[in-house]
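Survey of secondary and tertiary structure
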Amino acid sequence: MKTNNSLDALISERYSKPMSLPFELNETLETIFNHRSCRHYSQEAVPEQTIELMVAAGQSASNSSNLQSWSVIAVEDPARRDRLASLSSNQEHIRACPLFLVWLADLSRLETLGKRRELPHDGLHYSELLTVGVVDAALAAQNAAVAAESIGLSITYIGGIRNNPIEVAKELGLPPRIFAVFGMCIGYRHPEKPAAIKPRLPQKAVLHREQYDALAVQNAADEYCENMNHFYESQKMKTRGDWAQHSLYRIRGAESLNGRDHMLQALKVLGFQLR
Ligand SMILES: Cc1cc2nc3c(=O)[nH]c(=O)nc-3n(C[C@H](O)[C@H](O)[C@H](O)COP(=O)(O)O)c2cc1C
């Protein structure tokens, strides 16, 4: 792919077609544009205090009203990682990585404060507050992911942790009104199992100016399917049809949600009233 500088090279790889922007590459952009999920880890331990670095990065993200309604549990014990892997569709990378973080939407901390101060906190029982916790957890996690990647570690998010929310809550000793939003594997990439940068939808599919342009979205999605066919071929990835087909297969119905079709009931068991 012909490009003028290293930023263009990375951006072009992200879209698997040439793209040029009038900016210089810096270390932050390099880390962000180099991201790829890692599902094969070496045995090497992460550097000491990686957890503290990641949590500090997570806490540096913006958060809703400074409520800071998230927490994270660091799981290093192989036996516990094994049990969490079993609860997450047996994803082997949870067993293989040296460090597994579980990111939580945490309304329990505020509830406890409310009780201790004897102040009303009924707002916690509305679905808006769960949204706040989930958004805050995601923003913190992504900052932490970038921090980890910036020191040479690799990560992958694990939504599979939501396949069995009640059992996961028991395994992690979660008090009521805490929900494990996703996990994150962290470690060094296995040297013999590199991963490629995965192309994304053309910007026309996600970026709108002034008003939403539904026609542009569909054309761009079709273009992406073609791009991705080449990517799957180059990576020898077996997929169920093109990107549209296998994405639609992923959302075909309740049976495709890996147990998460019962999420509403599970959240109620976990103490979320979701008014
Ligand atoms: C919230 C979330 C949940 C995810 N869950 C899983 C998962 O359970 N297992 C997995 O292998 N990858 C998981 N992923 C990784 C995505 O599949 C991956 O980010 C996506 O395919 C894009 O690839 P890339 O990260 O290599 O660019 C998850 C990503 C996110 C953001």
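Keep in mind that what you see is a predicted model, and the values were worked out from it rather than measured. (Residues numbered from 1 in each chain as written. Predicted model: local features only at pLDDT ≥ 70, side-chain atom pairs only at ≥ 80, totals over all residues.)

**Some thoughts on the overall build of the protein chain**
Cut-off, in case you're wondering: Where helices and strands are cited, they refer to DSSP runs of H or I of at least four residues and of E of at least two residues respectively, numbered from the N terminus. Whether a residue is buried, exposed or partly exposed follows from its count of other C-beta atoms within 10 Å of its own C-beta, namely 20 or more, 12 or fewer, or something in between, respectively; the C-beta atoms are built from the backbone. By definition, residue pairs are in contact when their C-beta atoms, positioned from the backbone, come within 7 Å.
A count of helical and extended segments in the protein chain gives 12 helices and four strands. Principal-axis analysis of the C-alpha atoms places the extent of the protein chain at approximately 65 × 45 × 40 Å. A total of 275 residues make up the protein chain; the buried ones form 26% of that total. The contacts in the protein chain between residues at least 6 apart in sequence include a share of 71% that link residues at least 24 apart.

**Overview of the sheet that holds strand S4 (residues 178-187)**
Using the following cut-off: Here, any two strands with at least 2 DSSP bridges between them count as paired. Between N-to-C directions, angles cover 0 to 180 degrees, with each direction set by a line fitted to C-alpha atoms, over the stretch in contact for helices.
Read from one edge of the open sheet, four strands run S1-S2-S4-S3, paired in antiparallel fashion. For this open sheet the edge positions go to strand S1 (70-75) and strand S3 (154-158), each flanked by a neighbour on one side alone. Across this sheet, the average inter-strand angle for adjacent strands is 25°, counted without regard to direction. The pairing of S1 with strand S2 (residues 99-106) spans six bridges and is antiparallel. Opposite Val 72, over in S2, you have Trp 103 as the bridge partner. Along the sheet face, helix H7 (residues 127-150) touches S1, S2, S3 and S4 and points at about 155° away from the line of S2.

**Description of unusual backbone geometry**
Positioned with a positive phi, Arg 177 is a non-glycine residue whose angle comes to about 65°. On the basis of neighbour counts, which here come to 24 C-beta atoms within 10 Å, the residue Arg 177 falls in the buried class. Positive phi values are uncommon outside glycine, yet Asn 258 reaches one of about 55°. Relative to the assigned elements, Asn 258 resides in the loop between helix H11 (243-250) and helix H12 (263-269). Note on Asn 258: 14 C-beta atoms within 10 Å, which makes it partly exposed.

**Focus on the nonpolar core**
Here is the rule we go by: As used here, a nonpolar core is made of buried Ala, Val, Leu, Ile, Met, Phe, Trp, Tyr and Cys residues. They are joined through C-beta atoms within 7 Å.
Formed by 45 residues in total, the largest nonpolar core has its most connected members in Trp 103, Leu 104, Met 184, Cys 185 and Ile 186. Taken together, the elements giving at least two residues each to this core come down to S1, helix H4 (78-87), S2, H7, S3, helix H8 (165-171) and S4. The leading source of residues in this core is H7, at nine residues. When sequence neighbours within four positions are dropped, the list of residues in contact with Trp 103 reads Trp 70, Val 72, Ala 137, Ala 140, Ala 141, Val 181, Phe 182 and Met 184.

**Describing the site of the ligand**
Defined as follows: In this analysis a residue is considered near a molecule or strand if the C-beta atom, reconstructed from its backbone, is found within 6 Å of that molecule or strand. Residue polarity follows a fixed list, in which Ala, Val, Leu, Ile, Met, Phe, Trp, Tyr, Cys and Pro are nonpolar, Asp, Glu, Lys and Arg are charged, and the others, Gly among them, are polar.
His 35, Arg 36, Ser 37, Arg 39, Gln 91, Thr 156, Tyr 157, Ile 158, Gly 159, Gly 160, Phe 182 and Lys 198 make up every residue found near the ligand. It is S3 that contributes the most residues to the shell around the ligand, three residues altogether. Class assignment of the residues belonging to the shell around the ligand gives a composition of three nonpolar, six polar and three charged.

**Comments concerning the pairing of S2**
Extensive coverage of S2 is indicated by the burial of eight of its eight residues. Sheet topology places S2 next to S4; eight bridges connect them, and they run antiparallel. Pairing of Trp 103 across the sheet is with Phe 182, part of S4.

**Quick look at the pairing of S4**
When you tally the buried positions in S4, you get nine out of 10 residues, the bulk of the element. Of the strand pairs in this sheet, S3 and S4 are connected by five bridges, and their pairing is antiparallel. Residue Ser 154 lies in a different strand from S4, and its bridge partner there is Gly 187.

**Overview of the environment of Ala 147**
With respect to the helices and strands, the residue Ala 147 is situated in helix H7. Measuring from C-alpha to C-alpha, the distance between Ala 147 and Ala 57 comes to 6.4 Å, with 90 residues separating the pair along the chain.

**Details of the domain arrangement of the protein chain**
What counts, and what does not: Here the bounds of each domain stem from an automatic or database domain assignment.
When cut into domains, the protein chain gives domain 1 (1-34) and domain 2 (50-194). On a C-alpha basis, the centres of domain 1 and domain 2 stand 30 Å from each other.

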